[in-house]
Amino acid sequence: MSTTLSLRRTLLLGILLPLFGFVLVNTVVLYRQALAAADTAYDRTLLATAKSLSEQLSVIGEGADAHVSSTLLYSALEAFEADNRSRIFYRVSGFRGEMVSGFEDLPPPRTSLPDQKIYSALVHFYDDSYRGMPVRMAVLLQPVASSVAQGMTTIQVAETLELRQTLARQILVDTLWRQAALVVVIVLVVVFVVQRATRPVRSISQALARRNENDLSPLPTDSAPREVLPLLEATNQHMQRLSELLAHQKRFVRDTSHQLRTPLAVLKTQVQSARRGDVPPLQALEEIGHTVDQATELANQMLALAKVEQLRQDKDAPVVDWGEVVRSVALELAPLIADRSLDFSLDICSAPVRSHAWALKELSRNLLHNAIKHCPPGSPLAVTLHRDSRTVALSVSDSGPGISPALRERLFQPFATDHGAPPSSAGSGLGLAICQGIVQSIGGSIGLDNRLEHGRVSGLDATVRLPLADPADTGEQE
């Protein structure tokens, strides 16, 4: 079961899906960057709190009895709390890690702290938990000295994350809102542009749908986009070929019905005359046989003419030796040549031509058969096939009456016959039309010229020139 591919849907999905993916990744990146910026800002507050605690420290005693003392009250930290949604906890440890002040159950500093390069002070920041709550911990290593003793104290300040999380959610909502607004705008623009860009294609499809089934006129290309022009031009070329093919079929049917009507009517009359006994049986059979032969020849030639149209559409013909084709045709028509006692001469050479063997055989047979019919008994008939570097020429020279002025005006038209010709040489008038169609399909030329001797017509020269096949296709060397 085939599915219909929508150009608009393909364009929309191809543009919008990567856009949504980019917006999603960009939102995550912006959110993380905003969180990092918020952590940096709030970490400054933690550092300020730790430094404020260090200012309340002093050293009491001397030597081994020296220890740190703090006069800080917890109420003094309320100024550092942003609002009631966050709480601050602290702990001050002395020179030997003893508890000085603050919250005794606050987790001790981590043994391995990451290297922080944001602040020049000996401070480290990391995430931890305290009393079941996630906190942000700042650990400051603060030197404390007096006139008689000095040492390094550890100040820990922890802040709960409610305010940070609230800010993070607000940043996320604001980011998503702006990204959503941007996506909506982009979607509207993309839909509008895609609709506008595909409008010519929809117009063409609607115009084709409204056409009559016999309308093969070219599609308009004036307002078509540049990307659609190759498709329209190829479509117009195809419709032109279809139009020519349909015209050929109509002409073939018309000519066939017209041309076959006469021999069939004659045949019917002859059969009725034979039944009534108007003529002797043998004479009646001879006349019927003659009429059947004419009708058969006419039907075969009309089928050959129809087949020539197929040859025009075939662009991949094989390479055939025309010389061998001419030789076989001459052997096939040898009984006719002998029956008329013609002085026949054959001079041919190898000539590779890109065409179908049946086409070359039909061409050669028609030319030679016409020459045999128009040659007086015992007269010369010469067939030559010569080639040069690019073309090959077939010449059939008979000794007949040539072409009359009346027939020359209608040369190569179907059913064009010389009404002044003797009945024995009269044909259906399709032979030259078939020859011209074959020659044109191969890319050659054909000419018929009266041969003059002492100012009088001594015969007819039929000359056909065809291009030789590419030497690369035949294996020959130039």
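Residues numbered from 1 in each chain as written. Predicted model: local features only at pLDDT ≥ 70, side-chain atom pairs only at ≥ 80, totals over all residues. Heavy atoms only, no water.

Side note on the packing of helix H2 (residues 162-197) against helix H3 (residues 199-210)
Piece 1. Running from amino to carboxyl end, H2 crosses H3 at an angle of 40°, the nearest separation of the two axes being 4 Å. When the interaxial angle is binned, H2 and H3 end up oblique. Touching Gln 195, Arg 196 and Ala 197 of H2 are Arg 199, Pro 200 and Arg 202, all from H3.
Piece 2. Of the residues contributing to the contact of H2 with H3, the split by class is two nonpolar, one polar and three charged. (Axes fitted to C-alpha atoms, helices over the stretch in contact; angles between N-to-C directions. Helix = DSSP H or I, 4+ residues; strand = E, 2+ residues; numbered from the N terminus. Parallel < 35°, antiparallel > 145°, perpendicular 65-115°, else oblique. Contact = heavy atoms within 4.5 Å. Nonpolar A, V, L, I, M, F, W, Y, C, P; charged D, E, K, R; others polar.)

A short note on unusual backbone geometry
Note: most peptide bonds trans; most residues except glycine with negative phi.
Piece 1. Phi at Arg 131 takes a positive value of approximately 55°, unusual for a residue other than glycine.
Piece 2. Mapped onto the fold, Arg 131 is located in the loop between strand E5 (123-130) and strand E6 (133-145).
Piece 3. A positive phi is found at Ser 341, a non-glycine position, where the angle reads about 55°.
Piece 4. Structurally, Ser 341 is set in the loop between helix H7 (334-339) and strand E9 (343-347).

Description of the confidence of the model for the protein
Piece 1. When pLDDT is averaged across the protein, the result is 79; 82% of the residues are at 70 or more.
Piece 2. Per-residue pLDDT stays below 50 along residues 115-120; that stretch engages in eight contacts with residues further than four places along the chain or on separate chains.
Piece 3. Ignoring residues within four places in sequence, the model shows residues 419-426, a span with pLDDT below 50, making four contacts including any to other chains. (pLDDT = per-residue confidence, 0-100.)

Describing the sheet that holds strand E7 (residues 150-160)
Piece 1. On the basis of which strands lie adjacent, the open sheet formed by five strands has the order E4-E3-E7-E6-E5 and antiparallel pairing. On the outer flanks of this sheet lie strand E4 (99-102) and E5, each paired with one strand and no other. Each strand of the sheet is rotated relative to its neighbour by a mean of 25°, with strand direction disregarded.
Piece 2. Examined bridge by bridge, E5 and E6 share eight bridges and lie antiparallel to one another. What sits directly across from Tyr 126, in E6, is Met 137. (Pairing = 2+ DSSP bridges.)

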